[in-house]
Amino acid sequence: MPVKNSRVPLVATLAAVVGALTLLVVMNPLQRNGADLGQPSESGARFVEAEVGASDRPKASATPSSASSTPPAGALPGATRTDALPPVVDHGPRRGNKVALTFDADMTDAMRRQLRSGAVRSYANLEIIDRLEREGVPATFFLTGMWVEQYPDVTRRLAANPQFELANHTYGHLAFTADCYGLPRIDRRKMTADVARTFDLVSAYGGRQTRYFRFPGLCHDRTALTALAPLGLTVVDGDVVSGDPFATAWQPIVRAVLDRVRPGSVIVLHVTEANAPMTDEALPHILAGLAERGLEPAPLSEVLDAPPA
């Protein structure tokens, strides 16, 4: 449709819109790609605007009926308020000698098709679990619900180990933002139910349950955090990203971890054998390097809740 004589008002309107959008981008502390999510505190947590406004809230149907505004006494590690945006944590307090080994168990529709077709043998690296168990090393596993369904016996084994914690990594490893490493994107209206479904799946196995959650690709924004607020969880990113997916040698993984690790660090690794094939070879070298530095693996809950010095 021709604009005719409204060209000047139109230009002014466009300028106002662009200015407003620019201001929003500058003020937004949650932008992951190209900007930080805010400055972490000494404890490693990045807290954003505390209250979830009425316009931010998901529809009531997406809110668990049992949700309350504050976690009850004796709540699971990572449980938080349900009327506020969840905290985003990079690491624990920088004191003591504890670090957290965390392993993501990814599973997507495409990965499941590869398994069923025989193109891939396994997305469960049992050698990692064997070593952790054999050496008595604590770890925290961020499980996708689809991985749990694919590997119920392995999930049962993880839950049976008192040194392993279980956490949430979505149901099918879909992206919660645009431009997240090429992952297909989940509909905003399905975010809450996706994560709630995985908590339900994982909780059925017992063991050391938590309310810790990790986004696929560590990609999140305000919309994603708002959707998860009713679930009363803590988002855990990590300050030591190993780069183990699709690595072709174990040495770079070891260097990436040992060059960055500090007291309170949260180390991000993967237990998905076919797309992280070198992690089991890197693990003994990582453990040896941590010991040389006087650092000791501990469950994530202990690392994030380290007592005052």
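Please refer to the structure placed before this passage.
S.K.: Please explain the state of the cysteines as it appears in this structure.
M.R.: One covalent bond between the sulfur atoms of two cysteine residues makes up a disulfide. Considering all chains together, one arrives at one disulfide under this definition. Disulfide partner of Cys180: Cys219, at an S-S distance of 2.2 Å. Between Cys180 and Cys219 the sulfur-sulfur dihedral comes to about 85°; the bridge is accordingly right-handed. Highlighted residues: Cys180 in the loop between β5 (164–168) and α6 (191–203) and Cys219 in the loop between β6 (208–213) and α7 (222–228), separated in sequence by 39 residues. In this pair, the class of Cys180 matches that of Cys219, namely buried.

S.K.: Sorry if this is basic, but what is going on with the side chain of Thr272 here?
M.R.: Tracing the chain through its elements places Thr272 in the loop between β9 (266–270) and α9 (279–292). Apart from the residues lying within four places of it in its own chain, the contact partners of Thr272 are Asp104, Ala105, Asp106, Met111, Tyr123 and Trp147.

S.K.: Explain unusual backbone geometry to me, please; I cannot follow it from the model alone.
M.R.: Excluding glycine, residues mostly carry a negative phi; peptide bonds, for their part, are mostly trans. If you check the backbone angles, Tyr181 has positive phi at about 55° while not being a glycine. Within the fold, Tyr181 resides in the loop between β5 and α6. One non-glycine residue, Phe246, adopts positive backbone phi at about 65°. Turning to its location among the elements, Phe246 is positioned in the loop between β8 (240–241) and α8 (251–260).

S.K.: Which parts of the structure should I look at to understand the nonpolar core?
M.R.: Nonpolar side chains in soluble globular proteins generally cluster together in the buried interior. By size, the foremost hydrophobic cluster in this structure holds 45 residues, and its most contacted members are Phe103 and Trp147. Among the elements that make up this core, the one with the highest residue count is α9 (five residues). Each residue touching Trp147, except ones within four places of it in the same chain, is listed here: Ala105, Asp106, Met107, Tyr123, Ala124, Val154, Thr155, Leu158, Val271 and Thr272. Judged by nonpolar contacts, the second largest core, of 16 residues, contains Val88, Phe199, Leu225 and Ala227.

S.K.: Honestly, the pairing of β5 in this entry has me stumped. Any pointers?
M.R.: Consecutive residues of a regular strand have side chains that alternate between opposite faces of the sheet. Summarising burial for β5: five of the five residues are buried, a large majority. Looking at chain direction, strand β4 (residues 139–143) and β5 are connected through five bridges and run parallel. Bridge pairing links Phe142 to Ala167 in β5. Taken together, β5, α6 and β6 constitute a β-α-β crossover, and its handedness is right-handed.

S.K.: Looking at this structure, I do not really get the environment of Leu233. What am I missing?
M.R.: Structurally, Leu233 can be placed in the loop between α7 and β7 (234–236). By relative accessible area, Leu233 is classed as buried at 0%. Along the sequence, Leu233 and Pro86 sit 147 residues apart, while their C-alpha atoms lie 6.1 Å from each other.

S.K.: Looking at this structure, I do not really get the environment of Met111. What am I missing?
M.R.: Following the sequence through the fold, Met111 ends up in helix α2 (residues 109–117). Once the C-alpha coordinates of Met111 and Asn275 are considered, the two residues, 164 residues apart in sequence, prove to be 9.4 Å apart. Those residues in contact with Met111, other than ones at most four positions away along the chain, are Asp106, Tyr123, Thr272 and Asn275.

S.K.: Can you help me understand the packing of aromatic side chains in this one?
M.R.: For any two aromatic rings, the description comes down to two numbers: the centre-to-centre distance and the angle of the planes. By the definition in use, this model includes six aromatic pairs. Judged by centre distance (5.5 Å) and plane angle (20°), the rings of Phe103 and Phe141 are stacked. Taken together, the residues span a long stretch of sequence, with Phe103 in strand β3 (residues 98–105) and Phe141 in strand β4 at a distance of 38 residues. For Phe103, a relative accessible area of 0% gives the class buried. Under the relative-accessibility criterion, Phe141 is labelled buried at 0%. Ring centres of Trp147 and Tyr151 lie 5.2 Å apart, and the angle between their planes is 50°; on these two criteria the pair is classed as tilted. The class of Trp147 is buried, set by a relative accessible area of 0%. The lysine or arginine in question, Arg214, covers the ring of Phe142, its NZ or CZ lying 4.2 Å from the ring centre.

S.K.: Is there a simple way to explain the pattern of salt bridges in this structure?
M.R.: Pairs can form between side chains of opposite charge once their charged atoms are near each other. Counted according to the given criterion, the structure contains 14 salt bridges. One salt bridge connects Glu135 with Arg131, and the closest N-O pair in it is separated by 2.8 Å. The exposure class assigned to Glu135 is partly exposed, which follows from its relative accessible area of 43%. By relative accessible area, Arg131 is classed as partly exposed at 22%. One salt-bridge network, held together by shared partners, links Asp109, Arg112, Glu149 and Arg197.

Definitions and cut-offs
Residues numbered from 1 in each chain as written. Predicted model: local features only at pLDDT ≥ 70, side-chain atom pairs only at ≥ 80, totals over all residues. Heavy atoms only, no water. Disulfide = S-S within 2.5 Å. Helix = DSSP H or I, 4+ residues; strand = E, 2+ residues; numbered from the N terminus. Buried < 20%, exposed > 50% of the residue type's maximum accessible area, 1.4 Å probe, protein only. Contact = heavy atoms within 4.5 Å. Core = buried A, V, L, I, M, F, W, Y, C linked by side-chain atoms within 4.5 Å. Pairing = 2+ DSSP bridges. Right-handed = clockwise from strand over helix to strand, strands pointing away. Phe/Tyr/Trp six-rings, centres within 6.5 Å; stacked < 30°, edge-to-face > 60°. Lys NZ or Arg CZ within 6 Å of the ring centre and 35° of its normal. Salt bridge = Lys/Arg side-chain N within 4 Å of Asp/Glu carboxyl O.

Shape is all these values report; function is a separate question.
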